[in-house]
Amino acid sequence: MNTDTNKNLPEKIPQHVAIIMDGNGRWARARGLPRLAGHRAGTENLREILEASAEFGIKYLTIYAFSTENWDRPEAEVTGLMRLFTTMFKRELKNLHENGVQLRHIGKLDRIDTALQQQVNEAVELTKNNDRLILNVAFNYGGRDEIVHAVREIIRDKKKPEEINIELISKYLYTADSPDPDLIIRTSGELRSSNFLIWQGAYAEWYFPSAYWPDFGKEELRKALFDYSERDRRFGRVFTGDA
Ligand code: IPE
Ligand code: IPE
Ligand code: MG
């Protein structure tokens, strides 16, 4: 680990960073390549960002890998993406485990191929005691679907109306064991949430770099952290300088 680069960091590091990894398709098109080549480049970049996140002292990283709406893409792209996830799991799991990464899945596994489901479950089990970096993989994830799922579970558990509050709902979400994200990054210049952490992100700071995901490397992440460190998070209160 390069401790020199660590000196060039802001004091205030967000505990939980979430990323909408967007722009793989446009990255590929700009190079005259098929969209899947962009997704491949995106997974390469993920490795760099994972390492940088751990090095920068981020404790929770949540990545949007596949949304509940992404099923509506052409079948060949969906199949290609699933294959890519499978290969990536096989190739990267050992390395992640050795580097103290704890893998968690948020979303639903039901529509996923059973072999891949099993891989995800095994990876979660294998890494469950790691604590250097918690990596939440939002895979077949949608914020609205997550809330529907939570409401169903709450009803199934026969909770009374008086018991329903913000804390209880948070505990029924897929992210029950993670704090809310402090910073949400969406690459590629798109300015929307696309159904990502819509409950948990209520008070997150947002950052929208124009870089496509495969080009959003370690130094781009550092810039995001500096930008975040300048923000004044008021949570409805007054500017801290006025208090
Ligand atoms: C994000 O890149 C990756 C996934 C949604 C899986 P896109 O595939 O959305 O890339 P663009 O937005 O078309 O450039
Ligand atoms: C959001 O990106 C989903 C992921 C990055 C996995 P999309 O590219 O699917 O979002 P829209 O369709 O542009 O809103
Ligand atoms: Mg996109």
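Residues numbered from 1 in each chain as written. Chains lettered and ligands numbered in written order. Predicted model: local features only at pLDDT ≥ 70, side-chain atom pairs only at ≥ 80, totals over all residues. Heavy atoms only, no water.

Engineer: An account of the nonpolar core is requested, with residue identities and associated values reported.
Structural biologist: Ranked by size, the top nonpolar core spans 41 residues in total, and within it Met-82, Phe-139 and Ile-185 carry the most contacts. By residue number, the principal contributor to this core is helix α4 (residues 75-98), which donates seven residues. The contacts of Phe-139, once residues within four sequence positions are left out, are Phe-66, Met-82, Phe-85, His-105, Ile-106, Gly-107, Lys-108, Leu-109, Ile-112 and Leu-116. The next biggest cluster of nonpolar side chains, apart from the first, holds eleven residues, and it includes Ile-106, Tyr-174, Ile-184 and Ala-204. (Core = buried A, V, L, I, M, F, W, Y, C linked by side-chain atoms within 4.5 Å. Buried < 20%, exposed > 50% of the residue type's maximum accessible area, 1.4 Å probe, protein only. Helix = DSSP H or I, 4+ residues; strand = E, 2+ residues; numbered from the N terminus. Contact = heavy atoms within 4.5 Å.)

Engineer: Now, about the packing of aromatic side chains: what can you tell me, with residues and values included?
Structural biologist: Two aromatic rings, taken as a pair, are described by how far apart their centres are and by the angle between their planes. Per the counting criterion, the structure on display carries ten aromatic pairs. Ring geometry for Trp-206 versus Phe-208: centroids 5.6 Å apart, planes at 15°, classification stacked. Among the residues examined, Trp-206 registers a relative accessible area of 25% and is labelled partly exposed. An aromatic cluster of at least three residues, connected via ring pairs, comprises Tyr-64, Tyr-141, Tyr-174 and Phe-196. Sitting over the face of the ring of Tyr-228, Lys-12 holds its NZ or CZ atom 5.3 Å from the ring centroid. Its guanidinium or amino end placed over the ring of Trp-71, Arg-111 lies 4.2 Å from that ring's centre, counting from NZ or CZ. (Phe/Tyr/Trp six-rings, centres within 6.5 Å; stacked < 30°, edge-to-face > 60°. Lys NZ or Arg CZ within 6 Å of the ring centre and 35° of its normal.)

Engineer: Before we move on, could you go through the packing of helix α3 (residues 35-56) against α4 and cite the residues and values that matter?
Structural biologist: It is at 10 Å that the axes of α3 and α4 come closest, and there the two elements cross at 25°. It follows that α3 is roughly parallel to α4 by the angle criterion. With respect to the hand of their crossing, α3 and α4 are arranged in right-handed fashion. The residues of α4 that touch α3, namely those facing Arg-35, Leu-36, His-39, Arg-40, Thr-43, Glu-44, Leu-46, Arg-47 and Leu-50, are Ala-76, Glu-77, Gly-80, Leu-81, Leu-84, Met-88, Arg-91, Glu-92 and Leu-96. Residues belonging to the contact of α3 with α4 are distributed by class as follows: eight nonpolar, three polar and seven charged. (Axes fitted to C-alpha atoms, helices over the stretch in contact; angles between N-to-C directions. Parallel < 35°, antiparallel > 145°, perpendicular 65-115°, else oblique. Left-handed = near helix turned anticlockwise from the far one by under 90°. Nonpolar A, V, L, I, M, F, W, Y, C, P; charged D, E, K, R; others polar.)

Engineer: Explain the site of ligand 2 residue by residue, including any values.
Structural biologist: Taken together, the residues surrounding ligand 2 are Ile-20, Met-21, Asp-22, Tyr-64, Ala-65, Phe-66, Asn-70, Arg-73, Arg-186, Arg-192 and Ser-194. Residue Asp-22 places a side-chain N or O atom 3.2 Å away from an oxygen atom belonging to ligand 2. Here an oxygen atom of ligand 2 sits 2.6 Å away from a polar atom, N or O, in the side chain of Ser-194. About the coverage of ligand 2: the protein hides 77% of its 390 Å² of free accessible area. Here the shell around ligand 2 takes three residues from strand β2 (residues 60-67), the largest share from any one element. Taken together, the residues of the shell around ligand 2 break down into five nonpolar, two polar and four charged. (Near = heavy atom within 4 Å. Polar contact = N/O pair within 3.5 Å; in protein donor to acceptor, adjacent residues only side chain to side chain. Areas by Shrake-Rupley, 256 points an atom, 1.4 Å probe, with all protein chains shown as cover.)

Engineer: Could you give an account of the pairing of strand β5 (residues 183-186), with specific residues and numbers?
Structural biologist: Every second residue of β5 is oriented toward a common face, with Leu-183 and Ile-185 on one face and Ile-184 and Arg-186 on the other, all of them buried. Relative to β5, strand β1 (residues 16-20) runs parallel, the two being bridged by four bridges. Bridge assignment links Ile-19 to a residue of β5, and that residue is Ile-185. (Pairing = 2+ DSSP bridges.)

Engineer: Quick rundown of the environment of Asn-99? Include the residues and the values.
Structural biologist: You can see Asn-99 is positioned in the loop between α4 and β3 (101-106). The exposure class of Asn-99 is partly exposed, given its relative accessible area of 32%. Residues Asn-99 and Leu-221, spaced 122 residues apart in sequence, show a C-alpha to C-alpha distance of 20 Å.

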